[in-house]
Structures are given as structure tokens and as C-alpha cells.
Amino acid sequence: MAATMKLSIRRKIIFAFFLFFLLSSSISFLSYYNDYVLNQKLQILEKKDTLFNTILEARRYEKNYFLYLHYDNLRDAILFVRKGEEKLSNIIERYGDYTLAKNLTEELGRLRRYKAALSDFLTYYEDGTIRNKKDLVSNFPAHQEQVRELGSRITGDMEHMIAQERRHVNLLVEKSRSYQIISLGGILVLSALTALFLVLNVNRPLKAIEEAIHKISQGDYTNIPALSTGDEFESLVVSLNQMITELNRRSEQLVQTKKLASLGTLTSGVAHELNNPLNNISTSVQILLEELEEADLEFKRELLINTEKQIERARDIVKALLEFSRERSFNLRRVRFREVVDNTVKLIKGDLPADVEIQVEVSDQIQGYMDPRRIQQVLLNLILNGVQAMEQGGGVVRIRAMEQKEKGIFCIQVQDTGKGIPEEDLPKIFDPFFTTKDVSANSGQGSSTQSIVDQQGTGLGLSICHGIAKQHGGRIEVRSKLGEGTTFSICLPFAKDDDQRG
């Protein structure tokens with residue numbers, strides 16, 4: 001039930017994107033709304049500043065009128081009050097919902113009363129001159145007090161409203177700055193969470209799969225550690241592990257198939273090698289039968305000893321052949337490398353052309369951890385490839401071994417004096433199924449490129465050798481020069497990790 005609740009990688013990405021979009025949109029909307037309100041407030045503040053300046057102009061002309069009683073001053077004062085009235089009406093109409101002062105309608109009524117009070121003085125004039133100075137002088141103080149009181153009240157209210165709006169604008173600016181910081185921090189946090197999500201849910205599984213595929217390409221067929229992501233990566237790892245298991249099984253089958261194919265090639269040589277001791281045994285038995293009645297016991301003893309040696313020789317050949325053909329699991333153990341070489345030479349000696357010589361330059365003291373059966377197969381493939389690379393004049397296949405204890409390895413070299421390998425073919429010789437056997441066969445003579453193919457022409461011999469070297473934790477390399485020959489070097493660990501630490 002728990003497994004069914006897990007999300008696929010596609011749904012995880014969609015969910016992460018939706019969350020990122022939702023949070024980013026929310027932060028962006030709040031920031032946009034705050035900026036919009038701030039813009040409205042700035043416009044209101046600008047309009048109120050203009051209104052306040054208009055009222056101040058009206059008050060200035062009002063004061064000049066009361067000082068000099070000039071008609072022009074009264075007319076200009078009324079004109080500016082009318083402009084202020086229009087501006088205040090516009091503010092109420094367009095920005096009434098955003099202004100802090102909610103008594104603008106009252107201010108508009110007060111402004112109209114101020115205009116009416118100023119307009120009352122017009123009744124004392126006719127064509128710009130005072131019509132009845134006596135009435136003006138008697139009513140002047142009361143009207144003047146009323147106008148000044150209204151004007152003072154209006155300017156005071158305007159100053160208060162503007163100061164209030166300025167404080168609010170400053171608050172909005174601070175809030176906008178805070179929103180920007182919060183937005184930046186939120187984006188950084190969301191980006192970090194998104195990056196963490198991608199690392200844990202996408203990059204890490206991909207890296208594990210990439211490393212596993214790289215190991216497979218290097219011949220390491222160990223299973224990939226299981227993933228518990230509950231998405232496509234988990235099922236992909238399961239499929240890859242199934243593929244690796246199948247590759248392991250088929251690799252073992254290929255090794256065994258190649259070995260059985262090699263046995264077919266070795267049959268004639270082994271038969272020739274067995275024929276010699278059997279002939280000697282047959283001859284000794286016939287002599288014994290003919291001279292059974294003779295009393296020469298010493299001669300008979302020598303014949304029987306010789307017969308026993310020939311039987312042991314034949315038994316060793318058959319034992320080596322059986323050991324080579326027997327299918328076993330990979331088993332590392334310390335062995336003397338010279339014994340592995342000698343057993344391999346015994347198997348192939350009878351199959352060698354008379355003009356091909358095998359030289360073994362391996363100390364009896366060199367030991368290493370290896371699977372002798374698999375290393376024997378590597379040697380067999382390399383020797384036969386070297387023999388096939390010889391021209392009709394024959395040549396030498398030389399086997400060497402050198403210890404490099406400071407590096408913790410020992411190296412095996414199989415060198416032939418064949419025609420060599422073309423430089424353009426060297427990077428491909430360990431590729432599975434790479435072969436030029438058909439080309440060589442058609443030529444009717446030995447070819448330099450024959451050293452890069454197995455004796456059956458399947459193109460699997462050197463690929464299997466490469467896999468066996470990797471299986472041992474070592475490597476195989478090749479050097480070749482046309483007309484001079486080819487040298488294969490196999491470097492293997494000198495000891496197990498435990499021994500090196502000890």
C-alpha cells in the first residue's frame with residue numbers, strides 16, 4: 001500500500017513546479033499590490049500637495065484683500081478657491097478609496113462655505129469699485145473673522161492630511177522594501193529546495209546509474225545498489241540489475257563456450273602428445289613380453305620405470321586438459337604462475353607448427369592471487385593468436401612475468417614476432433565481435449590482423465581476455481608495430497587487499 005502512494009518522477013517535478021509557482025505568484029502578487037497602493041498614495045500625495053498650494057494661494061490673496069481691499073485680490077482668491085474645489089472633488093472621485101482621510105466630503109463643504117464667505121464681499125462692489133463703503137465697513141469685521149476662521153481651518157486640515165499621507169507613504173516604502181527582501185529570500189529558499197529536490201530525486205539516482213553503467217562497460221558486473229525512490233529510477237535500477245544478472249550468466253556461458261571451442265582446436269595437439277607416451281608404453285610392454293623368460297631383472301626394471309614415467313606423463317596431459325575444461329565458479333587463490341604457464345604449454349605444445357618456438361621466461365618464485373583456470377584461458381588465447389599472426393617462416397612466442405611489488409602488481413607478457421597490428425585497429429581489438437578472420441582466410445596466408453582475432457574467428461577471444469583481467473581487478477594492454485610483432489601485457493594484483501594491508 002505504501003508503494004502505491006509514491007509519486008512518479010514526472011509527478012514529483014510537476015508538484016515541485018506547482019509549489020514553486022504558487023509561492024512565487026503569492027509573493028509577486030503581494031509585492032505588486034503593495035506597489036500599486038504605493039503608486040496610488042504617491043498620486044494622492046501629489047494631488048493634495050497641489051490642492052494645498054492652491055488653497056495657500058487663495059489665502060495669500062485673501063490676506064492681501066483684507067489689507068488693501070482691492071477687488072482684484074478678492075477675485076483671485078475666489079478663483080483659487082474654485083480651483084481647489086475642483087481639485088478636491090477630483091481627489092474624492094478618483095482616489096476616495098485609497099486616501100486615509102475619510103472626511104474629504106466635509107472638507108469639500110467647508111471649502112465651499114469658504115468660497116461663499118469670500119463671495120459675500122463681492123456684493124459690496126460694482127464694476128470693480130466699492131458701491132457702499134459704509135455697509136462694507138460695518139459688516140467687514142464679522143465677514144473677515146468668518147473667512148479667516150474657515151481658511152485657517154481648511155489649511156490646518158490640509159496640512160494634517162498631507163502629513164498623514166506622507167507618513168503612510170513612508171510606511172509603504174518600508175513595507176515594499178521588506179517585501180522585496182522577503183521575495184528575494186523566498187526565491188533563494190525555493191531555489192535551494194528545488195536544487196535539493198533535483199539532487200536527491202534526479203541527480204543522485206542518475207549518478208548511481210551512470211557509475212553502474214560505467215562499471216559494466218569496464219567489465220564489472222556487480223549489481224547496482226537498490227534505490228527506494230518509488231519512481232521510474234527505482235524500476236530502472238531493478239531492470240538494470242536483471243540485465244546485469246543475465247549478462248553475468250551469459251558471460252559465464254561465453255567463457256565456457258570459448259573454452260570448449262579451444263578444446264576442439266587443442267584436440268589434435270593433445271592426441272599427438274598422448275601418442276608419444278603411449279607408443280613408448282606399448283614398445284616397453286612388447287619388449288617385456290618377448291624377454292619375459294630372460295633373467296635380466298635390471299633391464300626389465302628400467303623398462304617398467306620408463307613405462308611408469310610415460311603413464312605419468314599421459315596422466316598429466318589428461319589432467320591438464322580436464323582441469324582446463326572443467327566449469328567452476330570464479331575462485332581466487334595464491335598460485336605459482338610458472339605452474340599455470342607450464343600447464344598451458346602442455347595443452348598447446350602438440351598443436352604448434354614445427355617452425356614456432358615458445359620461450360618461457362618466468363621465475364619459479366613468482367606467485368599471485370588469481371583464478372588459474374581463467375588465466376590459463378587468457379594465455380591460451382594469446383599464444384594461439386600469436387601463432388596465427390606468424391608468417392610461413394615461423395617465429396617465437398615469448399612468455400615473461402615481472403614483479404612490481406612497489407605497485408602491488410605483477411605483469412604477464414605474451415610477445416610474438418608476427419606481422420603486428422595496424423595502428424587504426426589497436427583501439428578496437430578488445431571490442432566484442434571485432435574480427436578480420438574472413439579477410440585473413442581469403443588471403444591464404446598469415447596476416448598481422450589475425451593476432452586481434454581468436455582462432456575461431458568469432459571476435460570474442462580478446463574481449464573475454466579483457467573481461468577476465470577486469471574480473472581479477474587488473475588490466476590488459478597491447479603494443480604492436482607492423483613487421484615486428486605484438487606484445488600483450490596483463491597486470492594483476494600481487495596479493496589480496498587483506499594481504500596488502502597486513
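None of the values given here were measured: they were computed from a predicted structure.

Basis of the calculations
Residues numbered from 1 in each chain as written. Predicted model: local features only at pLDDT ≥ 70, side-chain atom pairs only at ≥ 80, totals over all residues. Heavy atoms only, no water. Core = buried A, V, L, I, M, F, W, Y, C linked by side-chain atoms within 4.5 Å. Buried < 20%, exposed > 50% of the residue type's maximum accessible area, 1.4 Å probe, protein only. Helix = DSSP H or I, 4+ residues; strand = E, 2+ residues; numbered from the N terminus. Contact = heavy atoms within 4.5 Å. Disulfide = S-S within 2.5 Å.

Q: For this particular structure, what's the right way to read the nonpolar core?
A: Nonpolar side chains tend toward joint burial in soluble globular proteins. One finds F337 and I375 to be the most contacted residues of the largest nonpolar core, which totals 39 residues. Those elements giving two or more residues to this core turn out to be α7 (337-348), β4 (356-361), α8 (372-388), β6 (395-404), β7 (409-416), α10 (461-471) and β9 (485-493). Among the elements that line this core, the one with the most residues is α8, at 8 residues. Residues in contact with I375, not counting those within four places in the same chain, are F337, V340, M370, I412, I468, H472 and L492. Judged by nonpolar contacts, the second largest core, of 37 residues, contains L51, I55, Y61 and Y124.

Q: What should I look at first to understand the state of the cysteines in this one?
A: Should the sulfur atoms of two cysteines be covalently bonded, the bond is a disulfide. In this structure the tally under the stated criterion is 1 disulfide. Between the sulfur of C411 and that of C491 lies a disulfide, 2.4 Å long from S to S. Between C411 and C491, the S-S torsion sits near 100°, and that sign places the bridge as right-handed. Of this pair, C411 sits in strand β7 while C491 sits in strand β9, and the two are 80 residues apart along the sequence.

Q: When you look at the side chain of N73 in this model, what are you seeing that I'm missing?
A: Positionally, N73 belongs in helix α2 (residues 71-95). On the accessibility criterion, N73 (13% relative accessible area) is buried. Ignoring sequence-local partners within four residues, the contact set of N73 consists of Y61, N64 and Y65.

Q: What is the right way to read unusual backbone geometry from this model?
A: Peptide bonds are trans in most cases, and residues, glycine excluded, mostly fall at negative phi. Phi at L69 takes a positive value of approximately 55°, unusual for a residue other than glycine. Summarising the element assignment, L69 is placed in the loop between α1 (9-68) and α2. L69 sits in the partly exposed class, given a relative accessible area of 29%. We note that D127 has phi near 55°; this positive angle belongs to a residue other than glycine. In this structure, D127 sits in the loop between β1 (125-126) and β2 (129-130).

Nothing here speaks to function; it is geometry throughout.
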